Amino acid sequence: RKEVEQDPGPFNVPEGATVAFNCTYSNSASQSFFWYRQDCRKEPKLLMSVYSSGNEDGRFTAQLNRASQYISLLIRDSKLSDSATYLCVVRTPSSGGSYIPTFGRGTSLIVHP
Amino acid sequence: GAVVSQHPSRVICKSGTSVKIECRSLDFQATTMFWYRQFPKQSLMLMATSNEGSKATYEQGVEKDKFLINHASLTLSTLTVTSAHPEDSSFYICSAPGTSSYGYTFGSGTRLTVV
């Protein structure tokens with residue numbers, strides 16, 4: 001079982017739609033959770049951190065459920081420019097005792113007119 | 001904010017040659033640098049973690065002698081792909097913990113093509 005799992009999609013939605021992505025992680029000792037956005041052939045860029053209480057940034061809402069070990073990202077009023085791959089990143093403990101960022105494979109979102 | 005400068009952005013090399021990729025942290029000190037590889041339509045896979053002043057930690061299945069990592073200073077980490085083969089063609093990207101408690105700063109990536 002992979003440490004961080006995401007549905008690869010693609011999610012094909014019309015402009016203005018609301019879309020939600022989930023991500024599950026296997027290591028209950030994981031700390032710190034993030035959503036990154038990656039455009040084709042570019043580096044990932046931080047979209048938002050995910051806090052236990054849930055957090056919102058404009059049209060984006062992130063939630064964390066530690067009991068069920070998943071995080072979610074909700075995008076409201078989708079724009080064409082939201083088309084990208086959304087990566088779930090979890091800081092997981094390594095065998096050496098430090099924490100390393102572990103990536104899901106990403107969920108592809110395509111917003112069409 | 002924190003910036004990681006990665007060079008080159010794109011390189012084409014002949015099979016059997018070596019390629020060096022550099023990542024520099026600008027305006028902050030990166031004691032740790034993560035090196036990832038990403039094949040098309042796949043996730044970023046951690047190859048190794050470099051630490052300034054000590055040996056890099058490699059993930060299982062990554063050949064230490066093939067992917068040489070050096071963390072020469074608090075602002076520079078390098079990855080050298082030695083004796084490159086076509087199957088090493090990939091997108092290589094570095095990342096450092098940012099200046100805040102959250103998030104990671106990524107280099108812009110290096111697209112390596114071995115012919």
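Bear in mind that the values here come from a model prediction, so they are computed numbers and not experimental data.

Colleague: Explanation requested: the sheet that holds strand 6 (residues 55-57) of chain A in the structure shown.
Modeller: Two pairing modes exist for strands in a sheet, parallel and antiparallel, and in both the strands are linked by backbone hydrogen bonds. Residue and element names in this part refer to chain A. The five strands are arranged 1-3-8-7-6 in an open sheet whose pairing can be described as antiparallel. Edge strands, defined here as strands with exactly one partner in the open sheet, are strand 1 (4-6) and strand 6. For this sheet, the mean angle separating the axes of adjacent strands, direction not counted, is 20°. As defined by bridge partners, strand 1 adjoins strand 3 (residues 19-25) across three bridges and the pair is classed as antiparallel. Residue pairing for strand 3: V4 is matched across the bridge by Y25.

Colleague: Got a minute to help me understand the interface of chain B and chain A in this structure?
Modeller: How big an interface is tends to be stated in terms of accessible area lost as the parts join. Counting residues at the interface gives 20 residues for chain B and 18 residues for chain A. Between chain B and chain A, roughly 1500 Å² of surface is buried when both sides are summed, and carbon and sulfur atoms account for 61% of that area. Taken together, the links from chain B to chain A amount to zero salt bridges. Linking chain B with chain A are four residue pairs in polar contact (both at pLDDT 80 or more). The set of elements that each furnish at least two residues to the side of chain B that touches chain A consists of strand 4 (32-38), strand 5 (45-51), strand 9 (90-97) and strand 10 (104-106) of chain B. Among the elements that make up the side of chain B that touches chain A, the one with the highest residue count is strand 4 of chain B (three residues).

Colleague: Just checking my understanding: could you explain unusual backbone geometry for this structure?
Modeller: Most peptide bonds take the trans configuration, and most residues that are not glycine carry a negative phi. With an omega of 10°, the peptide bond running from A:G9 to A:P10 counts as cis. Tracing the sequence through the fold places A:P10 in the loop between strand 1 and strand 2 (11-14). In the segment running from B:H7 into B:P8, the intervening peptide bond is cis, with an omega of -5°. Among the structural elements, B:P8 can be located in the loop between strand 1 (3-7) and strand 2 (10-13). The phi angle at B:S83 is positive, at roughly 45°, despite the residue not being glycine.

Colleague: In this structure, what is going on with the sheet that holds strand 8 (residues 76-81) of chain B? I would like to understand it.
Modeller: All names here are of chain B. Ordered in space as 1-3-8-7, the four strands form an open sheet in which the pairing is antiparallel. Unpaired on one side and paired on the other, strand 1 and strand 7 (67-73) mark the two borders of the sheet. Across the sheet, the mean angle from the axis of one strand to that of its neighbour is 15°, orientation sign disregarded. Here strand 1 runs beside strand 3 (residues 19-26); their pairing, made up of five bridges, is antiparallel. When the bridges of strand 3 are listed, S5 appears paired with R24.

Colleague: What am I meant to see in the packing of aromatic side chains here?
Modeller: Residue and element names in this part refer to chain A. Considering all chains together, one arrives at 12 aromatic pairs over all chains under this definition. Considering the side-chain rings of Y36 and F103, the 6.3 Å spacing of their centres and the 55° angle between planes classify their relative orientation as tilted. Note that Y36 is positioned in strand 4 (residues 31-38) and F103 in strand 10 (residues 99-103), a separation of 67 residues in sequence. Each member of the pair, Y36 as well as F103, carries the same accessibility label: buried.

Colleague: Is there a simple way to think about the state of the cysteines in this case?
Modeller: Linking two cysteines covalently through their sulfur atoms gives a disulfide. Residues and elements named next belong to chain A. Within the structure shown, the criterion is met by two disulfides over all chains. Between the sulfur atoms of C23 and its disulfide mate C88 the distance is 1.9 Å. In this structure the cystine formed by C23 and C88 twists about its S-S bond by roughly -70°; its chirality is therefore left-handed. In this pair, C23 sits in strand 3 while C88 sits in strand 9 (residues 84-93), placing the two residues 65 residues apart along the sequence.

Colleague: I tried to follow the pattern of salt bridges on my own but got confused; where do I start?
Modeller: Here the idea is simple: oppositely charged side chains can pair when their charged atoms come close. Residue and element names in this part refer to chain A. All chains considered together, the criterion is met by seven salt bridges over all chains. The residue K45 makes a salt bridge to E43 at a minimum N-O spacing of 3.9 Å. Assessed through its relative accessible area of 15%, E43 is described here as buried. Of the charged contacts in the structure, one is a salt bridge between R76 and E56, with a shortest N-O distance of 3.5 Å. Here R76, found in the loop between strand 8 (70-75) and strand 9, pairs with E56, found in strand 6; they are 20 residues apart in sequence, far enough to count as distant. Since its relative accessible area comes to 26%, R76 is described here as partly exposed. What makes E56 exposed here is its relative accessible area of 57%.

Quick notes on the rules
Residues numbered from 1 in each chain as written. Chains lettered and ligands numbered in written order. Predicted model: local features only at pLDDT ≥ 70, side-chain atom pairs only at ≥ 80, totals over all residues. Heavy atoms only, no water. Pairing = 2+ DSSP bridges. Helix = DSSP H or I, 4+ residues; strand = E, 2+ residues; numbered from the N terminus. Axes fitted to C-alpha atoms, helices over the stretch in contact; angles between N-to-C directions. Contact = heavy atoms within 4.5 Å. Buried area = accessible area lost by both parts, 1.4 Å probe. Salt bridge = Lys/Arg side-chain N within 4 Å of Asp/Glu carboxyl O. Polar contact = N/O pair within 3.5 Å; in protein donor to acceptor, adjacent residues only side chain to side chain. Phe/Tyr/Trp six-rings, centres within 6.5 Å; stacked < 30°, edge-to-face > 60°. Buried < 20%, exposed > 50% of the residue type's maximum accessible area, 1.4 Å probe, protein only. Disulfide = S-S within 2.5 Å.

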